[in-house]
Amino acid sequence: TGAACTRFWVNTAAAAAGLHPGDKILSVAGRDTANFDDIRSIVMLRPGETVPIRFERTGQGREIAVQLKSEMVTDPFGQRFRRGLLGVAPTAGMLQRLPAYEALPEACRYTLAITRSMIDGIVQIFSGQRGTEDVGGPLKIAQIAGQQASLGHLPFVQLLALFSINLGFINLLPVPMLDGGHLFFYAIEAISRRPISARALEWAFRGGLAVILALVVFTTINDLSSLGLWDRLQRLIG
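Quick notes on the rules
- Residue indices begin from 1 for each chain and proceed along its sequence in written order.
- With the structure being a predicted model, the display of local features is reserved for residues of pLDDT at least 70 and the display and counting of side-chain atom pairs for 80 or more, all residues being used for whole-chain, interface and lining totals.
- Side-chain figures throughout are based on the complete set of non-hydrogen atoms in the structure, without hydrogens or water.
- Residues with no salt bridge and a relative accessible area higher than 30% make up the patches, which join like charges within 9 Å and nonpolar side chains (Val, Leu, Ile, Met, Phe, Trp, Tyr) within 5 Å.
- The Shrake-Rupley method, run with a 1.4 Å probe sphere, supplies the accessible areas, and residue values consider only the shown protein chains as cover.
- The rule for a salt bridge is simple: a side-chain nitrogen of Lys or Arg has to be within 4 Å of a carboxyl oxygen of Asp or Glu.
- Counting from the N terminus, the helices are the DSSP runs of H or I reaching at least four residues and the strands are the DSSP runs of E reaching at least two.
- We define the nonpolar core as a collection of buried residues of types Ala, Val, Leu, Ile, Met, Phe, Trp, Tyr and Cys that are connected through side-chain atoms lying within 4.5 Å of one another.
- To sort residues, take the accessible area from a 1.4 Å probe on protein chains only and compare it with the maximum for the residue type: under 20% means buried, over 50% means exposed, and anything in between is partly exposed.
- Contacts: residue pairs with any heavy atoms within 4.5 Å of one another.
- One less than the number of residues in a helix, times 1.5 Å, gives the span that helix is expected to have.
- Classification of ring pairs rests on two measures: the distance between centres of Phe, Tyr or Trp rings, Trp counted by its six-membered ring, which must be within 6.5 Å, and the angle between planes, read as stacked under 30 degrees, edge-to-face over 60 and tilted in between.
- The criterion for strand pairing is that DSSP finds at least two bridges linking the strands in question.
- Side-chain atoms alone can form a polar contact between residues adjacent in sequence; in general such a contact is a pair of N or O atoms within 3.5 Å, and within protein one must be able to donate a hydrogen while the other accepts it.
- Only the contacting stretch of a helix is used when fitting its axis, a line to C-alpha atoms as for every element, and angles between N-to-C directions run 0 to 180 degrees.
- Throughout, the term roughly parallel applies to angles under 35 degrees, roughly antiparallel to angles over 145, roughly perpendicular to angles from 65 to 115, and oblique to all others.
- Each helix crossing is assigned a hand: it is left-handed if the near helix lies turned anticlockwise from the far helix by less than a right angle, otherwise right-handed if that turn is clockwise.
- Working note: the arc is built from the helix axis to C-beta atom directions.

What to know about a nonpolar patch on the surface
Piece 1. Among the surface-exposed residues, Leu172, Leu183 and Tyr186 lie close enough to one another that they form a single nonpolar patch of about 350 Å² accessible area.
Piece 2. With respect to the helices, strands and loops of the structure, Tyr186 is situated in helix α6 (residues 179-192).

Some points on the nonpolar core
Piece 1. Among the nonpolar cores identified, the biggest contains 16 residues, and Ile25, Val28, Ile53 and Leu86 are the most heavily contacted of them.
Piece 2. Here this core takes 4 residues from helix α2 (residues 36-44), the largest share from any one element.
Piece 3. Not counting residues within four places of it along the chain, the set of residues in contact with Leu86 comprises Thr12, Ala13, Ala14, Ile25, Ile39, Val43, Ile53, Val66 and Leu68.

As for α6
Piece 1. For α6, with 14 residues, the first-to-last C-alpha span of 20 Å sits near the 20 Å given by 1.5 Å per residue.
Piece 2. Contacts made by the buried residues of α6 are with α5 (153-171) and α7 (198-226).
Piece 3. Two residues or fewer after α6 comes Arg193, characterised by a positive phi angle close to 60 degrees.

Section: the packing of aromatic side chains
To describe a pair of aromatic rings, one takes the distance between the centres and the angle between the planes.
Piece 1. Here the structure, examined in full by the defined rule, presents 2 aromatic pairs.
Piece 2. Between Phe184 and Phe185, the aromatic rings sit 5.9 Å apart at their centres with planes inclined by 55 degrees, giving tilted as the arrangement.
Piece 3. You can call Phe184 partly exposed: its relative accessible area is 43%.
Piece 4. An aromatic cluster of at least three residues, connected via ring pairs, comprises Phe184, Phe185 and Phe205.

With respect to the pattern of salt bridges
Piece 1. Overall, the coordinates contain 9 salt bridges when judged by the stated rule.
Piece 2. The salt bridge involving Arg31 is made with Asp120; its shortest N-O contact spans 2.9 Å. Here Asp120 lies in helix α3 (residues 100-127) and Arg31 lies in strand β4 (residues 31-32), a separation of 89 residues in the sequence.
Piece 3. Overall, Asp120 belongs to the buried group, its relative accessible area being 10%.

Side note on the pairing of strand β3 (residues 24-28)
Piece 1. Across the 5 residues of β3, 4 count as buried, placing the element largely inside the fold.
Piece 2. Relative to strand β5 (residues 50-57), β3 is paired through 4 bridges, and the arrangement is antiparallel. Bridged to Lys24 within β5 is Glu56.
Piece 3. As paired strands, β3 and β4 are joined by 2 bridges and run antiparallel to one another.

Quick notes on the side chain of Thr33
Piece 1. Mapped onto the fold, Thr33 is located in the loop between β4 and α2.
Piece 2. Engagement of the side chain of Thr33 in a polar contact is seen with the backbone oxygen of Ile25, the distance being 3.0 Å.
Piece 3. A polar contact of 3.5 Å, which involves the side chain of Thr33, links it to the backbone nitrogen of Ser27.

Notes on the packing of helix α4 (residues 138-149) against α5
Piece 1. Packing of α4 against α5 brings their axes to within 8 Å, and their N-to-C directions diverge by 150 degrees. Taken together, the axes of α4 and α5 are roughly antiparallel relative to one another. Seen along the crossing, α4 lies across α5 with a hand that is right-handed. Where α4 approaches α5, its residues Ile141, Ile144, Ala145, Gln148 and Ala149 are matched on the opposing element by Pro155, Phe156, Leu159 and Phe163.

A word on the environment of Gly228
Piece 1. Within the element layout of this structure, Gly228 appears in the loop between α7 and α8 (229-237).
Piece 2. Gly228 gets classed as buried once you look at its relative accessible area, which sits at 13%.

Quick look at α5
Piece 1. Over its 19 residues, α5 runs 27 Å from end to end, which matches the ideal 27 Å to within 8%, given 1.5 Å per residue.
Piece 2. For α5, the complete set of buried residues consists of Leu159, Ile165 and Phe169. On an axial view of α5, the arc spanned by its buried residues comes to 125 degrees, and they lie on one face. Along α5, the residues that are exposed and aim more than 90 degrees away from the buried face are His153, Ser164 and Leu167.
Piece 3. On its buried face, α5 sits against α3 and α4.

What follows is the structure in structure tokens.
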């Protein structure tokens, strides 16, 4: 499996690293790339980073380190974000209807790829590689949902799938008050072979509730900032 590089642009990270048209990219940053969507999702989260790329050329496997380029992008709705660039593309995109027995495994693979991208984003935020302005809450979700709905049914359904995967992933985090927190306590009880004290559970759930409320407040402030509320208030006061 792998994605064949059939089209290149000059002065790109791929060209500078020595990749050639026809090379089949097998993995980027240690992540397998079965298609170009995998390459794009991995690369765009790593602007300016140097990542290992494993590829196949004339039947021989090779590996090189590639420094990705960085680009500030403005989407059709005026939102700006930074993304990584490798500089490769397939000759043409094509949608393929999958039979039912292939659709479920492909959906599972897609869900896993999205989850891994979320984990990458969280790790980058905590490590300081990515700013917290990318973290959004209910207001941002409503704004993005409206924007995607204006593009048609398919982008809106894809966004709903992304929200569902995101919600499921967050719900499984080992935070008290969430399902993942309950599973975490069940695991502790299974290992220790004794129940956790009621007082410890009470304090854990209080802490979990505080974390969730703090996250709601933080994301709401971020949402208001992205909507330009603080800039407008500053102009009014100034």
